[in-house]
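Single-letter residue listing:
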Amino acid sequence: MSTSNYYKKNFKFSANRYEEWQGGRCISQGAISTEIIAEVNDDEIHFELDDIGNLRMLKSFSFEINGEGYCVLPDRIQYIHSTSDFNPIVPIVCNIFCKCSTIDYVRFAMTNPDRIIEFYGVAEEVGQPALGKHTSNEGTSTVSAESILRQLRGYGMLNADAVMERAVNLYNANSNVTNLSQAKAIIESLKLFVRVSQLDNEDNEDQSSMLRPKILMFIALCNYKIDNINRAYCIAKQGLDAVDKATRNSVFSGIPRSMYGADTLEELIGVIENNRFDEVEDDGNYYDIDPEEIDTSKFEEILSRAGVRDAKPSKSQIKQLIETISHIQSQFSKVGERTGDSLRAFEINQTLETFKIPLCLAWQGYKYGWHTDFSKEGDSLFPFMMFEMDLKKNTKQLIDILRRQSPFATIERNSAITNALIAVYTTFIKDIDNGSIKL
């Protein structure tokens, strides 16, 4: 089987060894036991890795497929992820090397700084049916604009293009708005688009950038999704003006207006004019509306009328968070044993243990069981007793730590653990205050 026969093919590869390279030298290597599953869906190939230990890369990610001429090279298949983000743990290049009619090894390349990880092993299957077990690239209720911006700032990519990419991904993942968590995610994406607008204005004081029309298009769409009809209409009108300006100022001729988002803007304006034009107040003065102002009052009013409140954390949600933290602790213990720095691992694990205490107390408060359900025989209950002495204050302090400098930031994706903990802690405190639960 030639190299080209692996192009756009599902495969399963069992890796037993890895090498990690940076700056022309091998920085780590060793035995590993992980299964790499690749599945093709239209013009995308998705990868899932089951266990990569402490290697700094995502376990679930995708690449665009840009045509055989770009992907099939003499000695390998190559897939590239086009991004402006440059998250250090997101693979942006995949190389599949073949030898003797089978896959020899699989390489993933990251950047910021440039780094590659190669997995060596055996191809178990090629062309197998897809299972479709893809992990979502963007979460919904647990993703916040603040955490995304903090993450981008952390690795030096707080720029208009990178924030725009994250904002679009978050919007697209939740644009159907079929539930409350998706509506909240739209608000978070709106915050990101507003930040893009601010960054774009800093770079282009005359607001004539090629990105400007798309920024206004998404800000208008977000406002429409949360029922800010007047704002959506006026900002969409501003967006069409921005399309005209971008077209006039472009150094390239013949770029269709649709590339700037004109079709979507016109469609949105038409929907509002045909169905809800009685809610438009600033038709003749649409520049009176500031696109960078975020107004959630209409959304909150709708929630209030519906009597909607944050649902209590589920039994499975609390259990999964406790087990996730426990798994992270076990990984740190293994690293400590391997490196001979068990004391440092113990200190880290003691810190992480604190974040499990309010989860265990919530487990008991919501009557899912007892807080000791997750204790081992011989474990001290003293930390629980000390924490309970000022439960709300101590929990709020943990929330503050998670928001300022989460200890999970370097080992999670899209702040999933951090935001899930904040959500559970916050609801737990609210339910104590309103008497829904009693300890």
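Going by the structure above, here's the rest.
Conventions used here
Here the residue numbering is sequential within each chain, running from 1 through the sequence in written order. Only residues with pLDDT of at least 70 are given local features in this predicted model, and only at 80 or more are side-chain atom pairs given and counted; all residues enter the totals for whole chains, interfaces and linings. With hydrogens and water excluded, all non-hydrogen atoms of the structure serve as input to the side-chain values. Numbering of helices and strands starts at the N terminus; helices are DSSP runs of H or I of at least 4 residues and strands are runs of E of at least 2. Using a 1.4 Å probe on the protein chains alone, a residue whose accessible area is under 20% of its type maximum counts as buried, one over 50% counts as exposed, and one in between counts as partly exposed. Any two residues having at least one pair of non-hydrogen atoms within 4.5 Å are treated as being in contact. Residue burial considers only the protein chains on display, and all accessible areas are found by Shrake-Rupley using a 1.4 Å probe. Positive charges come from Lys and Arg, negative ones from Asp and Glu, while His and the chain ends are left out of the count. By convention, the point assigned to a charge is CZ for Arg, NZ for Lys, CD for Glu and CG for Asp. Every axis in this analysis is a line fitted to C-alpha atoms, fitted for helices over the stretch in contact. Angles between the N-to-C directions lie between 0 and 180 degrees. Left-handed describes a crossing in which the near helix is turned anticlockwise from the far one by less than a right angle; the clockwise case is right-handed. Here, nonpolar core refers to any group of buried Ala, Val, Leu, Ile, Met, Phe, Trp, Tyr and Cys residues whose side-chain atoms link them within 4.5 Å. Multiplying one less than the number of residues by 1.5 Å gives the expected span of a helix. Think of the arc as the fan of directions from the helix axis to the C-beta atoms.

(A) The arrangement of the overall build of the protein chain in detail. The secondary structure content of the protein chain amounts to 13 helices and 9 strands. Counting only C-alpha atoms and orienting by the principal axes, one finds that the protein chain spans roughly 70 × 70 × 40 Å. Within the protein chain, buried positions represent 46% of all 439 residues. Sequence-distant contacts, at least 24 apart, represent 63% of the contacts inside the protein chain between residues at least 6 apart. Element-wise, carbon and sulfur atoms account for 49% of the exposed surface of the protein chain, whose accessible area totals about 22300 Å². Mean positive and mean negative side-chain charge positions of the protein chain (47 and 63 charges, respectively) differ by 5 Å.

(B) Molecular detail of the packing of helix α3 (residues 160-174) against helix α5 (residues 212-225). Where α3 contacts α5, the two axes come as close as 12 Å, and the packing angle between them is 30°. Crossing geometry of α3 relative to α5 is assigned as left-handed. Within the contact between the two elements, α3 uses Met164, Val168 and Tyr171 and α5 uses Lys214, Ile215, Phe218, Leu221, Cys222 and Lys225.

(C) How the structure looks around the nonpolar core. Counting 56 residues, the largest nonpolar core has Met164, Leu192, Phe193 and Phe218 as the members making the most contacts within it. Counting only elements with at least two residues in this core, the list comes to α2 (145-154), α3, α4 (180-203), α5, α6 (229-249), α7 (262-275) and α8 (297-306). In this structure, phenylalanine 193 is in contact with Met164, Ala167, Val168, Tyr171, Ile215, Phe218, Ile219 and Cys222, ignoring residues within four places of it in sequence. Among the nonpolar cores identified, the runner-up in size contains 34 residues, and Tyr6, Phe11, Phe47 and Phe63 belong to it.

(D) Structural detail: helix α12 (residues 391-405). Relative to the 21 Å expected for 15 residues at 1.5 Å per residue, α12 spans 21 Å between its end C-alpha atoms, a close match to the ideal helical length. Of all the residues in α12, the buried ones are Leu391, Asn394, Thr395, Leu398, Ile399 and Leu402. Down the axis of α12, the smallest arc covering the buried residues is 145°, so these residues share one side. Seen from the buried face of α12, the exposed residues on the opposite side, beyond 90 degrees, are Arg404 and Gln405. At its buried positions, α12 is contacted by α2, α10 (342-365), α11 (382-388) and α13 (416-433).

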